[in-house]
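Residue-level listing of the chains:
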Amino acid sequence: MTSLHAVAFTRDGTELARLIAARLGGRAWAPPRYAGGDVSPLTGSIAVWTRERFSSSDALVFVSACGIAVRAVAPCLKDKTRDPAIVCLDDRGRNVISLLSGHLGGANELARRVAALTGGRPIITTATDVHKVEAVDAWAKEHDCAIENIGAVKSVSAAALNGEKIGVAVTEMEQPAPWPVTLWLRPRNLALGVGCKRGTTSAALRAALDDFLSGAGVSKLSLCALASIDLKKDEPCLADLARELGVPFLTFPAAKLAAVPGQFSHSQKVLDVTGVGNVCERAAVLASGLGVLLRGKARYPGVTFALARRKFFDHTEKAAPSMKNVSDTEAQA
């Protein structure tokens, strides 16, 4: 967990919160009379404490009655793709309940880890876990895939529980749905290389990108990085685009781009300005881990794009049992 907060309200609970935070890398909280040292004081209401941390945390752990946790998080709930993992346990650590975001948020796994620390039992209520059927949303998270149509998860999971065939397509390519109900999983395996003139507007950049991706026939959800030359590291439109896409913005010095092996388009003008004959293609390949150039340099007014596929992505490495009917053609990344 990169951002975990554990809160308790009793003396025994505080010790458990301290243990959880120390072992799993987080921060423990308790009322002032139990706080001190590595336990921060809970000075306001639990409702305010929860609201202030809900959206920015990966997990909230309540060492309390379930009712306290439910009432605290209820006003903050958005949807299963954004809500953090919520786990609740009694102050003896006997029952560790995965309360919210069991799969995508990781609460089921967190409950198991906390139970291992306290010597308790993890209480998991999601049907796929109870019936030992691979959950498609958990599989997607494990294999770094974005879920394009989250509403289809319920239908696909229900079919899997009933032993029926399901329709799951794992691909970055935009294509017609192969089944009446198709769950689209987009592997995050594409690096976008970009070059732009200084002062390019965010609106112009987004419009050019939409056209570029449409021409490439790929989903925006499969982008894993935005990359350019370090001369552009402070370009506002690029930082805005990376933030909008939810991907890191990577920049490289000209010498490192020039050293990327392969055949790339060349511009003397770009070489004179930047010190390397091509930015977008080389940046895309470098950001993809020296992967395959999927689409070469495309020019738009003041902007160039290129796209590379990450070299080591392999969705078949650990195929889920409930996805075994997905064909190689339909699921290829």
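A quick note: this is a predicted structure, and the numbers were derived from the prediction, not measured.

Draft legend 1. Local environment of the overall build of the chain. For the chain, the helix and strand inventory stands at 13 helices and 15 strands. For the chain, the spread of C-alpha atoms along the principal axes amounts to about 70 × 50 × 30 Å. Evaluated residue by residue, the chain yields a buried proportion of 48% over its 333 residues. Taking the contacts inside the chain whose residues are at least 6 apart along the sequence as the reference set, 59% of them involve residues at least 24 apart. Put simply, the chain shows about 16,000 Å² of open surface, and 52% of that area lies on carbon and sulfur atoms.

Draft legend 2. Looking closely at the pairing of strand 6 (residues 95-100). In terms of strand pairing, strand 5 (residues 85-89) meets strand 6 through four bridges, oriented antiparallel. Bridging across to strand 6, Val 87 finds its partner in Ser 98. In sequence, strand 5 turns back onto strand 6 through a hairpin of five residues, with Gly 93 there showing a positive phi of about 75°. When strand 6 meets strand 7 (residues 121-123), the two strands line up parallel, connected through three bridges. Each residue of the ladder has a partner; that of Ile 97, found in strand 7, is Ile 123. Handedness of the crossover joining strand 6 and strand 7 through helix 4 (residues 107-118) is recorded here as right-handed.

Draft legend 3. Representation of helix 1 (residues 11-24) within the structure. The terminal C-alpha atoms of helix 1 lie 20 Å apart, and with 14 residues this matches the ideal 20 Å at 1.5 Å per residue to within 8%. Contact partners of the buried residues in helix 1: strand 1 (4-8), strand 2 (27-30), strand 3 (39-41), strand 4 (59-63), strand 5 and helix 4. Where helix 1 starts, the residue carrying a side-chain oxygen 3.0 Å from the main-chain nitrogen of Gly 13 turns out to be Thr 10. Immediately downstream of helix 1, the backbone of Gly 25 shows phi near 80°, a positive value.

Draft legend 4. Main features of the packing of helix 1 against helix 4. As a packed pair, helix 1 and helix 4 sit with axes 10 Å apart at the nearest point and diverge in direction by 115°. For helix 1 against helix 4, the interelement crossing comes out right-handed. Judged by residue contacts, Leu 16, Leu 19, Ile 20, Arg 23 and Leu 24 of helix 1 engage Leu 110, Arg 113, Val 114, Leu 117 and Thr 118 from helix 4. Its residues assigned to classes, the contact of helix 1 with helix 4 comprises seven nonpolar, one polar and two charged.

Draft legend 5. Highlighting the confidence of the model for the chain. Per-chain confidence: the chain averages 88 in pLDDT, with 91% of residues scoring 70 or above. In the model, residues 313-333 has pLDDT below 50 throughout and makes 49 contacts with residues more than four positions away in sequence or in other chains.

Draft legend 6. Looking closely at the sheet that holds strand 9 (residues 168-170). As summarised here, the arrangement of the three strands in space is 8-10-9, forming an open sheet in which the pairing is mixed. Here the strands that pair on one side only, and so sit at the sheet edges, are strand 8 (145-147) and strand 9. Going across the sheet, the axis of each strand differs from the next one's by a mean of 25°, ignoring polarity. In the sheet, strand 8 pairs with strand 10 (residues 183-187) via three bridges, with the strands oriented antiparallel. Its bridge partner lying in strand 10, Ile 147 is registered against Leu 185.

Draft legend 7. Summary view of the environment of Lys 232. With respect to the secondary-structure elements, Lys 232 resides in the loop between strand 12 (223-229) and helix 9 (236-245). Through-space distance from the C-alpha of Lys 232 to that of Gly 195 is 8.1 Å; in sequence the pair is 37 residues apart.

Draft legend 8. Examining the side chain of Ser 101 more closely. Looking at the element boundaries, Ser 101 is found in the loop between strand 6 and helix 4. In terms of polar contacts, Ser 101 uses its side chain to reach the backbone carbonyl oxygen of Asp 83, at 3.0 Å. Looking at Ser 101, its side chain comes within polar contact range of the main-chain oxygen of Pro 84, at 3.3 Å. Filtering out sequence-adjacent residues up to four positions away, Ser 101 remains in contact with Lys 80, Asp 83, Pro 84, Ala 85, Gly 106 and Ala 107.

Criteria and thresholds
Residues numbered from 1 in each chain as written. Predicted model: local features only at pLDDT ≥ 70, side-chain atom pairs only at ≥ 80, totals over all residues. Heavy atoms only, no water. Helix = DSSP H or I, 4+ residues; strand = E, 2+ residues; numbered from the N terminus. Buried < 20%, exposed > 50% of the residue type's maximum accessible area, 1.4 Å probe, protein only. Contact = heavy atoms within 4.5 Å. Areas by Shrake-Rupley, 256 points an atom, 1.4 Å probe, with all protein chains shown as cover. Pairing = 2+ DSSP bridges. Right-handed = clockwise from strand over helix to strand, strands pointing away. Expected span 1.5 Å × (residues − 1). Polar contact = N/O pair within 3.5 Å; in protein donor to acceptor, adjacent residues only side chain to side chain. Axes fitted to C-alpha atoms, helices over the stretch in contact; angles between N-to-C directions. Left-handed = near helix turned anticlockwise from the far one by under 90°. Nonpolar A, V, L, I, M, F, W, Y, C, P; charged D, E, K, R; others polar. pLDDT = per-residue confidence, 0-100.

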